[in-house]
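Chain residues, written in single-letter form:
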Amino acid sequence: MLSLKFWVALFFFDITGLSNSLLANELDLLGVAKPTNGLQVMALYVGQFLGSLLFYQGWLTLRWYHIRKVAPLVVLDVVSNIAYWTALLKAGSGITTVVYTTIVVFS
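Along each chain, the written sequence defines residue order, and numbers are assigned to residues from 1. Per-residue local features of the predicted model are confined to residues with pLDDT of at least 70, and side-chain atom pairs are confined, for both listing and counting, to 80 or more; whole-chain, interface and lining totals are unaffected and use all residues. Hydrogens and water molecules were not included; the side-chain quantities draw on all heavy atoms of the structure.

Each helix is a run of DSSP H or I of at least 4 residues and each strand a run of E of at least 2, with the numbering of both proceeding from the N terminus. Looking only at helices and strands, the protein features five helices and zero strands. Its helices and strands in sequence order give the protein the pattern α-α-α-α-α, from N to C terminus. Contact between two residues is taken to exist if any of their heavy atoms lie within 4.5 Å; hydrogens are not considered. Of the contacts made within the protein by residues no fewer than 6 positions apart, 50% connect residues no fewer than 24 positions apart. Element-wise, carbon and sulfur atoms account for 75% of the exposed surface of the protein, whose accessible area totals about 8700 Å². Per-residue and other accessible areas were derived by the Shrake-Rupley procedure at a 1.4 Å probe size, with only the shown protein chains allowed to occlude residues.

By convention, a stacked pair of Phe, Tyr or Trp rings (six-membered ring in the case of Trp) has centres within 6.5 Å and planes under 30 degrees apart, an edge-to-face pair has planes over 60 apart, and any other such pair is tilted. Counted according to the given criterion, the structure contains one aromatic pair. A ring pair is formed by Phe 49 and Trp 59, whose centres lie 5.7 Å apart and whose planes are at 80°; its orientation type is edge-to-face. Separated by 10 residues along the polypeptide, Phe 49 in helix 2 (residues 39–52) and Trp 59 in helix 3 (residues 56–60) bring together distant segments of the chain.

Our focus in this paragraph is the side chain of Asn 81. Tracing the sequence through the fold places Asn 81 in helix 4 (residues 64–91). A residue is classified by how much of its surface remains accessible, and Asn 81, at 13% relative accessible area, is buried. A 1.4 Å probe rolled over the protein chains alone gives each residue an accessible area, and that area as a share of the maximum for its type sets the label: buried under 20%, exposed over 50%, partly exposed in between.

What follows is about helix 4. By this rule, a helix spans an expected 1.5 Å times one less than how many residues it contains. When the terminal C-alpha atoms of helix 4 are compared, their 40 Å separation across 28 residues agrees well with the 40 Å that a helix rising 1.5 Å per residue should span. Residue Val 70 marks the point of greatest curvature in helix 4, where the axis turns by about 40°; the proline Pro 72 follows within four residues. Throughout, the bend at a residue refers to the angle made by two axes, fitted to the seven residues ending there and to the seven starting there.

Patches draw on residues past 30% relative accessible area with no salt bridge. Two like charges within 9 Å are joined, as are two nonpolar side chains (Val, Leu, Ile, Met, Phe, Trp, Tyr) within 5 Å. By definition here, a salt bridge exists when the distance from a side-chain nitrogen of Lys or Arg to a carboxyl oxygen of Asp or Glu is within 4 Å. A contiguous nonpolar patch, built from Met 42, Val 46, Phe 49, Leu 50, Leu 53, Tyr 56, Trp 59, Leu 60, Leu 62, Trp 64 and Ile 67 and spanning about 1200 Å² of accessible area, is present on the exposed surface. Broken down by element, the residue count for the nonpolar patch peaks at four residues, all from helix 2.

What follows deals with the packing of helix 2 against helix 4. Remark: helix 2 packs on helix 4, axes separated minimally by 11 Å, with the N-to-C direction vectors making an angle of 150°. Here helix 2 lies roughly antiparallel to helix 4, going by the angle between them. Classified by chirality, the crossing of helix 4 by helix 2 is right-handed. Between helix 2 and helix 4, the contacting residues are Gln 40, Val 41, Leu 44 and Tyr 45 on the first element and Asp 77, Val 78, Asn 81 and Trp 85 on the second. Each residue is assigned to one class: nonpolar for Ala, Val, Leu, Ile, Met, Phe, Trp, Tyr, Cys and Pro, charged for Asp, Glu, Lys and Arg, and polar for all the others, Gly among them. Taken together, the residues of the contact of helix 2 with helix 4 break down into five nonpolar, two polar and one charged. Here an axis means a line fitted to C-alpha atoms, over the contact stretch when the element is a helix, while the angle between two N-to-C directions is reported on a 0 to 180 degree scale. Roughly parallel covers angles under 35 degrees, roughly antiparallel covers those over 145, roughly perpendicular covers 65 to 115, and oblique covers all other angles. Helix crossings fall into two classes, left-handed where the near helix is turned counterclockwise from the far one by less than a right angle and right-handed where it is turned clockwise.

Right, let's talk about the confidence of the model for the protein for a bit. pLDDT: the predictor's confidence for each residue, scored from 0 to 100. When pLDDT is averaged across the protein, the result is 77; 85% of the residues are at 70 or more. Put simply, helix 1 (residues 4–30) is where the protein has its lowest mean pLDDT, 73, and helix 4 is where it has its highest, 85.

Now the structure itself:
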């Protein structure tokens, strides 16, 4: 049986993903959220950090060893987000969505 923590985390993951997309769309319609200002990317990382505060017990056991072990993944994630938003800016949303979903489907 999966724990309550798992279901709470899954719920927040789903809700924040949906609300992030809807908020980005609304801000784009208002002309505020341009791919060059990094607002959507920042909102993603801030939301993840705030969500992690719900599970404060994990922060109590955090050591430098854990940070050094995960640091390359964090760098890769930031670089990937920059590459995604640059592609979105240069190629447009249509072709970026096609390429992104093709990679996900065929990988």
